[in-house]
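The chain contents come next:
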Amino acid sequence: MNDDLRNIVLGLVAAGISAAMGWFARTYLWRRTLRRKQRFFGLPTHSDCLLVVNRSAGGGDWTVARRDVFALLELSALIKDCGAHARIVAHDTAEQGFGYRTEFCVGGPVSNQRMAAHLRSLLPGIEVNTDSGPGPERGAFRVGGESYRWERGAVEHVIVARLTTGPTDRPVFLSSGQHSIANQAAVRYLARNHAKLARSYGDDTFCLLLKVVNSRAYGPDVVELVSDVTREATSPPLPA
């Protein structure tokens, strides 16, 4: 074998080794990222989870608001990425406990009875004004002595939370907004920032208050983190 042929063979071997190492590295990183995502959402491969849907105001039990449908579609894509399976249930038919399987509950306490139960049981420090009459406090959140009002199309707040009751329990994710567009914004925030949230909180409970800015112009895309209200939300409410 002359020098030129030997150099060609060595070059091909080196290229093959480099390609194989690159493929193994990418596969390892992809699998590690997937495992972290599955761990955060409590969605191992082939596991089952619940999507608990609300009803549109004034509609039937299965009349879901358009923006909530968009939120469910984004959650479905996230669940599929984890290799899990979703089962959609109406808010007033999900008569079971939590912790057995991952649950995503979408909607405010007025249109979603299960959300109202979760807020009372798991986040007692959050008060939601559920009055149907007009007024500046309609739909307002009260957390830690602070009130967060709803200005439709300008400022809409939403609670996004990951809740667990034990180290081996599957998490419950809540997206409870002052408007359905805020629910979609919370789901999108969760999907985009799950890696950062996992680094910050690990497998622990957290509750964040988000603000959707100028949804009339920007839809659910412009979201600001108002505060981490985990301690306030999981504590008994302060006296008025």
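Residues numbered from 1 in each chain as written. Predicted model: local features only at pLDDT ≥ 70, side-chain atom pairs only at ≥ 80, totals over all residues. Heavy atoms only, no water.

As a further point, take the pattern of salt bridges. What the rule picks out here adds up to eight salt bridges. Measuring nitrogen to oxygen at the nearest pair gives 3.5 Å for the salt bridge that ties Lys37 to Asp81. You can see Lys37 sitting in helix H1 (residues 3-41) and its partner Asp81 sitting in helix H2 (residues 66-81), a full 44 residues away along the chain. Among the ionic pairs, Glu74 bridges to Arg188, the shortest N-O distance being 2.6 Å. Residue Glu74 is located in helix H2, and its partner Arg188 is located in helix H4 (residues 180-201); the two are separated by 114 residues in the primary sequence. Overall, the relative accessible area of 17% leaves Arg188 in the buried class. Residues participating in the shared-partner salt-bridge network are Glu74, Arg188, Arg192 and Asp221. (Salt bridge = Lys/Arg side-chain N within 4 Å of Asp/Glu carboxyl O. Helix = DSSP H or I, 4+ residues; strand = E, 2+ residues; numbered from the N terminus. Buried < 20%, exposed > 50% of the residue type's maximum accessible area, 1.4 Å probe, protein only.)

Okay, the sheet that holds strand E8 (residues 172-177) next. The strand order E2-E1-E3-E8-E7-E9-E10 describes an open sheet built from seven strands, whose pairing is mixed. Unpaired on one side and paired on the other, strand E2 (85-90) and strand E10 (223-228) mark the two borders of the sheet. Averaged over all neighbouring strand pairs, the angle between strand axes comes to 20°, with direction disregarded. As paired elements, strand E7 (residues 155-163) and E8 share six bridges and run antiparallel to each other. If you follow Ile159 over to E8, its bridge partner there is Ser176. Relative to E8, helix H3 (residues 113-122) is tilted by about 110°, and along the sheet it contacts strand E1 (48-53), strand E3 (102-106), E7 and E8. Contacts from H4 reach E3, E7, E8, strand E9 (206-213) and E10, with the element oriented near 135° to E9. (Pairing = 2+ DSSP bridges. Axes fitted to C-alpha atoms, helices over the stretch in contact; angles between N-to-C directions. Contact = heavy atoms within 4.5 Å.)

Looking now at a positive patch on the surface. A cluster of basic residues, Arg31, Arg32, Arg35, Arg36, Lys196 and Arg199, forms a positive patch at the surface. Only H1 and H4 provide two or more residues apiece to the positive patch. No other element matches H1, which puts four residues into the positive patch. Relative to the elements of secondary structure, Arg36 occurs in helix H1. (Patch = residues over 30% accessible without salt bridge, like charges linked within 9 Å, V, L, I, M, F, W, Y side chains within 5 Å. Areas by Shrake-Rupley, 256 points an atom, 1.4 Å probe, with all protein chains shown as cover. Lys, Arg positive; Asp, Glu negative; His and termini not counted. Charge placed at Lys NZ, Arg CZ, Asp CG, Glu CD.)

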